[in-house]
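A closer look at the structure
Spelled out from the first residue to the last, the chains are:
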Amino acid sequence: VQLQAYGGGLVQAGGSLRLSCAASGRTFSSYIMAWFRQAPGKEREFVAAIGRSGGSTYYGDSAKGRFTISRDNAENTVYLQMNSLKPEDTAVYYCAAGLTLRTARTDYGMTYWGKGTQVTVSS
């Protein structure tokens, strides 16, 4: 599976952005999809994950109540709608795919990773 995230940019605090991640291959619906982020000088952080059908979602503490993950299996795309953005949301955002969500692992069990997209939130 090859993943490409896009949709990042510069936004003012309080604004919104929607990230997209396009996946190659015919087995997109077989994978759990997730978003992570990494800010300069900080460790990679889990943001959100979504089940194969889109019926189940799981969020990191920083995303709860502000971000929404969704997917379109017909379009092989996963989205991250980010609202009420804060300067501390500034990071490179990555999408990832895996067969099993393992929350005890730092990579949450994700196998495939895309190149990130930069999100910068100005104060």
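Structure: above.
Keep in mind that this is a model prediction, so the values were computed, not measured.

Further remarks concern the overall build of the protein chain. Secondary structure assignment for the protein chain yields zero helices and 11 strands. Going from N to C terminus, the protein chain has its helices and strands arranged as β-β-β-β-β-β-β-β-β-β-β. For the protein chain, the C-alpha radius of gyration of 13 Å lies close to 14 Å, the compact-globule estimate for 123 residues. Taken along its principal axes, the extent of the C-alpha atoms in the protein chain is 40 × 30 × 25 Å. When each of the 123 residues of the protein chain is scored for burial, the buried share is 43%. Long-range contacts, defined as pairs at least 24 residues apart, comprise 56% of the intrachain contacts of the protein chain with a sequence gap of at least 6. With an accessible surface of roughly 6400 Å², the protein chain has 45% of that area assigned to carbon and sulfur atoms. Side-chain charges of the protein chain comprise 13 positive and 8 negative groups, with the mean position of each set lying 5 Å from the other.

Now for the pattern of salt bridges. Here the structure, examined in full by the defined rule, presents five salt bridges. Across the pair Arg37 and Glu45 runs a salt bridge, and its minimum N-O distance is 2.9 Å. Overall, Glu45 belongs to the partly exposed group, its relative accessible area being 30%. One salt bridge in this structure joins Asp89 and Arg37, with 2.8 Å as the shortest N-O distance. In this pair, Asp89 sits in the loop between strand S8 (77–82) and strand S9 (91–98) while Arg37 sits in strand S4 (residues 32–38), placing the two residues 52 residues apart along the sequence. Here the two residues Asp89 and Arg37 agree in accessibility, since each one is buried. Each of Arg37, Glu45, Arg66 and Asp89 takes part in salt bridges that share partners, so that together they form one network.

Turning our eyes to something else, we now look at the state of the cysteines. Under the counting rule described, the total for this entry stands at one disulfide. At a sulfur-sulfur separation of 2.0 Å, the disulfide partner of Cys21 is Cys95. Given an S-S torsion of about 55°, the disulfide between Cys21 and Cys95 has right-handed geometry. One end of the pair, Cys21, is in strand S3 (residues 17–23); the other, Cys95, is in strand S9, and 74 residues separate them in sequence. On the basis of relative accessibility, which here comes to 0%, the residue Cys95 falls in the buried class.

Quick look at the nonpolar core now. Formed by 29 residues in total, the largest nonpolar core has its most connected members in Trp35, Leu80, Met82 and Tyr93. Where this core is concerned, the elements lending two or more residues are strand S1 (3–6), S3, S4, strand S5 (45–50), strand S7 (67–72), S8, S9 and strand S11 (117–122). When neighbours within four sequence positions are excluded, Tyr93 is seen to be in contact with Ala5, Leu19, Trp35, Phe36, Arg37, Val47, Phe67, Leu80, Met82, Gly116, Thr117 and Val119. In terms of nonpolar packing, the next biggest core, distinct from the first, is built from eight residues, Ala34, Phe36, Phe46 and Ala96 among them.

Thresholds applied
Residues numbered from 1 in each chain as written. Predicted model: local features only at pLDDT ≥ 70, side-chain atom pairs only at ≥ 80, totals over all residues. Heavy atoms only, no water. Helix = DSSP H or I, 4+ residues; strand = E, 2+ residues; numbered from the N terminus. Rg over C-alpha atoms; globule rule 2.2 N^0.38 Å. Buried < 20%, exposed > 50% of the residue type's maximum accessible area, 1.4 Å probe, protein only. Contact = heavy atoms within 4.5 Å. Areas by Shrake-Rupley, 256 points an atom, 1.4 Å probe, with all protein chains shown as cover. Lys, Arg positive; Asp, Glu negative; His and termini not counted. Charge placed at Lys NZ, Arg CZ, Asp CG, Glu CD. Salt bridge = Lys/Arg side-chain N within 4 Å of Asp/Glu carboxyl O. Disulfide = S-S within 2.5 Å. Core = buried A, V, L, I, M, F, W, Y, C linked by side-chain atoms within 4.5 Å.

From the geometry alone we can't say anything about function, so treat these as descriptive.
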